[in-house]
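# A closer look at the structure
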Amino acid sequence: MSSPTPTPPPGPETSSIGSQQTQTQQQTQTQQSEPQENQPNQQSDFNIGEEYGTARKNLPPAGILAICIAVVLVIVAAYALTHRAHALSSGTMDDVTVVAVPGQDMVMVAINVTVQNNAEKPSWIHTIRATLDTGKEKHDDDASPAVDAQRYFQAFPALKQHAIAFLMPEARLDAQSKTSGTIVVSFPVNQDVFNARKSLTVTVAPYEELPVVITK
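All of these numbers come straight from a predicted model, not from anything done at the bench.

### Focus: the pairing of strand β8 (residues 212-215)
The alternating pattern of β8 places Val212 and Ile214 on a buried face, while none of Val213 and Thr215, on the opposite face, is buried. Bridging between strand β7 (residues 199-206) and β8 involves four bridges; their strand directions are antiparallel. Bridging from a neighbouring strand, Thr203 pairs with Val213 of β8. Hairpin connection between β7 and β8: a loop of five residues separates the two successive antiparallel strands, and Glu208 in this loop has a positive phi of roughly 55 degrees.

If you want it as structure tokens, here you go:
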């Protein structure tokens, strides 16, 4: 009776070969799975306009914007109307006396004017100026200081025949009242040209108010 042939145990070389095969299979599987894991994510769309916004998205609706602008304009207009400088109501040129300066193409003129202050508070005159329009050219002159005007009266007595108290810069204009006075000016024209003038204008400008313009 024959006995079965025994199977010899695996030798060292056989075990090593099997181990190497197992490692090679694991490396192959790892290499196959790595490209799938390392693949970059699919590129997504990026719009920089969405990041920073647009005028259409950031600004309020056009209707609301138009209403806001209209309200601002109304406020500005109301402020301008209520805070604008007001003019003295009226003025008149009551008398004009002219005297020719001998030997010169020049005239001295004394003008009586009245200014009506209709404001609720007094004001003070800043400047007084006269303008002669001959039709061909214009000449301007500021009212003479009181000292000079008095000296002109002494040199030309006819100049003061209708004169009253001088009306000068810094004169007070009482509220709700009239103020009258004489100013003295000169123009570089002869008396004939002055008499044939187109117009004579006196401008009285109080502080912080619109001037009163009187033309005759």
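### Thoughts on the confidence of the model for the protein
Mean pLDDT over the protein: 80, with 66% of residues reaching 70 or higher. Counted against residues more than four places away or in other chains, residues 12-17, with its pLDDT under 50, gives zero contacts. Segment residues 34-38: pLDDT under 50, and zero contacts once partners within four positions in sequence are set aside and those in other chains are kept.

### Observations regarding a nonpolar patch on the surface
A cluster of nonpolar side chains, namely Ile67, Val71 and Ile75, defines an oily patch on the protein surface of about 290 Å² accessible area. One can find Ile75 in helix α4 (residues 62-83). Note on Ile75: relative accessible area 54%, which makes it exposed.

The rules behind each value
Residues numbered from 1 in each chain as written. Predicted model: local features only at pLDDT ≥ 70, side-chain atom pairs only at ≥ 80, totals over all residues. Heavy atoms only, no water. Buried < 20%, exposed > 50% of the residue type's maximum accessible area, 1.4 Å probe, protein only. Helix = DSSP H or I, 4+ residues; strand = E, 2+ residues; numbered from the N terminus. Pairing = 2+ DSSP bridges. pLDDT = per-residue confidence, 0-100. Contact = heavy atoms within 4.5 Å. Patch = residues over 30% accessible without salt bridge, like charges linked within 9 Å, V, L, I, M, F, W, Y side chains within 5 Å. Areas by Shrake-Rupley, 256 points an atom, 1.4 Å probe, with all protein chains shown as cover. Salt bridge = Lys/Arg side-chain N within 4 Å of Asp/Glu carboxyl O.

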